[in-house]
Amino acid sequence: MTSISAMSPLRARPFRWYFLSRSVNLAGNAMSPVALAFAVLAVDDGTASLGLVLAAYTIPLVVFLLLGGVLADRWGRQRVVQASNLLAGLVRAALAVLVLSGHAELWSLITLAAINGVVVAPGIPAMNGLVPQLVPRTQLQEANALLSLTRAALMVIGPGVAAAFVVGVGAGWALLIDAVTWLLAAALLLPVSLPATGTNGTSMVDELQEGWRYFRATTWLWLVVGACGLLNALAEGGLTSLGPVRAAATSIGVHGWGLAMSAQALGALVATLALMRWRLERPLVSALLGVALFGLPMITLGVWPSTVPLVVSGLVSGVGVQIFSLGWHLAIQEHVPDHMLSRAYSYDQLGSMATVPIGQLAMGPLAGALGIAHVLTAAGVVYVGIALLTLTAGPVRELGRQAPAPASSSAA
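Residues numbered from 1 in each chain as written. Predicted model: local features only at pLDDT ≥ 70, side-chain atom pairs only at ≥ 80, totals over all residues. Heavy atoms only, no water.

A look at the pattern of salt bridges
Pairing between side chains of opposite charge can happen when the charged atoms of each approach one another. Per the stated rule, a full pass over the model turns up two salt bridges. Between Arg92 and Asp178 there is a salt bridge, with the nearest N and O atoms lying 2.5 Å from each other. Here the residue Arg92 occupies a position in helix α4 (residues 77-101), and Asp178 occupies one in helix α8 (residues 171-188), the gap between them amounting to 86 residues. Like Asp178, Arg92 is buried. Linking Arg343 and Glu210 is a salt bridge whose minimum nitrogen-to-oxygen distance equals 3.0 Å. Linking Arg343 in helix α15 (residues 341-353) with Glu210 in helix α9 (residues 204-217), this pair joins segments that are 133 residues apart in sequence. A relative accessible area of 1% places Arg343 in the buried class. A relative accessible area of 28% places Glu210 in the partly exposed class. (Salt bridge = Lys/Arg side-chain N within 4 Å of Asp/Glu carboxyl O. Helix = DSSP H or I, 4+ residues; strand = E, 2+ residues; numbered from the N terminus. Buried < 20%, exposed > 50% of the residue type's maximum accessible area, 1.4 Å probe, protein only.)

This is the structure in structure tokens:
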């Protein structure tokens, strides 16, 4: 690995505003998973209830992702992110009010989750495509590492703070803070003004088809996206949906679950600090070896449901998922042409998340029929296997650090 300069992206004024906006947003997001999980369980503690709410968010999110990629390339990525943040903040504020007032019911949580998925979807490919417009391509690793450092640092604190709110005053206050951060993040992007990168002379359908042709021709891209679709279904259905249920039913409890989520963020923080100094030469090899570690908390919950082992496995998995995140963003941002970037991210997100509702909806009934411990253990083992198997593909294993490929050629 080669040493890099970690703080150089902050010299660019547009990136500083973007960095501040993301940091504020991430502060709220660090609290919301724990708060939402136990808000749902307070309304309905069945093994399938949290999975239903998460699936209600994910399904419309997946449906509208491709539209978001086209809109971002046509209208300007920062405008799409601002609009998405504003609407998401309003929806999350409504959710917080319902929870705080004691009027939340499972159907209302599902409804608001679905609306939230619709408004968040366009912002995801737009947000991911912004970074290469804000810093030189030679500083992409540093820029992504800085963003990851902030996310990891906040995630160390956020789950524990959210757990304290849940126990002390209820989940609604943590959800309300999350809503405010989405609104503030939209305002902080006002000084950033960037041109659209798409071709306004073509129709949206044509641009979607152009993005699909590029995605299909780029072997490393669709292989990893396909693997991530399976991995995310297992993780969201297993760790995110069944994890809090398993924690609540064992000695782990709310506090233990919050500690494990904070440990996961601490692992990501440690990995980010290392990656701010050293250059990744084989981004996808590093990414897939790292993400394989994310299966460990599910295995731990299945075979050893205790706070200390879960915290340790969370720490290790946090290191791995952060390596994956940086390696994957580098591969896309360096190899995909800029005018195609948001569309490539939209197909990435679509493929990665299309199977997630299946996992979220299936894991609860499977746990009820086969036992939650067996389902979590099997999900974790299969997760590790899929990540390692993907590395056997040559286009994935051999992809290095290089300049973005021309729009008409394959990066495979």
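Examining the environment of Pro14
Note on placement: Pro14 falls in helix α1 (residues 13-29). The spacing of Pro14 and Val131 is 117 residues in sequence and 9.9 Å in space, taken between C-alpha atoms. Leave out the neighbours within four places in its chain, and Pro14 touches Leu134 and Val192. (Contact = heavy atoms within 4.5 Å.)

Topic: the packing of helix α3 (residues 49-75) against helix α10 (residues 219-249)
At a minimum axis separation of 9 Å, α3 and α10 run at an interaxial angle of 150 degrees. As the angle between them shows, α3 and α10 are arranged roughly antiparallel. α10 is crossed by α3, and the crossing has right-handed handedness. In this structure, α3 contributes Leu50, Gly51 and Leu54 to the contact, and α10 contributes Thr240, Ser241 and Pro244. Of the residues contributing to the contact of α3 with α10, the split by class is three nonpolar, three polar and no charged. (Axes fitted to C-alpha atoms, helices over the stretch in contact; angles between N-to-C directions. Parallel < 35°, antiparallel > 145°, perpendicular 65-115°, else oblique. Left-handed = near helix turned anticlockwise from the far one by under 90°. Nonpolar A, V, L, I, M, F, W, Y, C, P; charged D, E, K, R; others polar.)

Digging into the confidence of the model for the chain
Chain-level pLDDT for the chain is 83 on average; 92% of the residues reach the 70-or-more range. Between the elements of the chain, mean pLDDT differs from a low of 75, seen in helix α7 (residues 140-168), to a high of 95, seen in helix α17 (residues 372-390). Scored below 50 in pLDDT, residues 404-412 makes 26 contacts in the model with residues more than four places away or belonging to other chains. (pLDDT = per-residue confidence, 0-100.)

Considering the environment of His339
If you trace the backbone, His339 turns up in the loop between α14 (307-335) and α15. Residue classification places His339 among the partly exposed residues on the basis of a relative accessible area of 25%. Along the primary structure His339 and Leu194 are separated by 145 residues, whereas in three dimensions their C-alpha atoms are 13 Å apart.

Examining α15
Between its terminal C-alpha atoms α15 stretches 18 Å, which fits the 18 Å expected from 13 residues at 1.5 Å a residue. Looking only at α15, the buried set comprises Leu341, Ser342, Arg343, Ala344, Tyr345, Ser346, Tyr347, Asp348, Gln349, Ser352 and Met353. (Expected span 1.5 Å × (residues − 1).)

What about the side chain of Gln322?
Examined against the element boundaries, Gln322 turns out to sit in helix α14. Exposure remark for Gln322: the relative accessible area of 4% places this residue in the buried category. Setting aside chain neighbours within four positions, we find Gln322 in contact with Ser148, Arg151, Ala268, Ala271, Thr272 and Leu275.

Considerations on the packing of aromatic side chains
Counted under the stated rule, the structure contains eight aromatic pairs. Each ring, one from Phe15 and one from Tyr18, has its centre 6.3 Å from the other, and the planes form 45 degrees; the classification is tilted. Placement of the pair is Phe15 and Tyr18 together in helix α1, with a separation of three residues, close to one helical turn. Taking the relative accessible area as the measure of exposure, Tyr18 reaches 2% and is therefore buried. Site record: aromatic cluster; members linked through ring pairs are Phe15, Tyr18 and Phe19. (Phe/Tyr/Trp six-rings, centres within 6.5 Å; stacked < 30°, edge-to-face > 60°.)

Side note on the nonpolar core
By size, the foremost hydrophobic cluster in this structure holds 91 residues, and its most contacted members are Trp220, Leu221, Trp257, Leu284, Trp328, Ile332 and Tyr383. Sort the elements by how many residues they give to this core and α10 lands first, with 13 residues. Aside from chain neighbours lying at most four places away, what touches Ile332 is Trp220, Leu221, Leu341, Tyr345 and Asp348. Ranked by size, the runner-up nonpolar core spans 29 residues in total, among them Leu71, Val81, Ala152 and Leu269. (Core = buried A, V, L, I, M, F, W, Y, C linked by side-chain atoms within 4.5 Å.)

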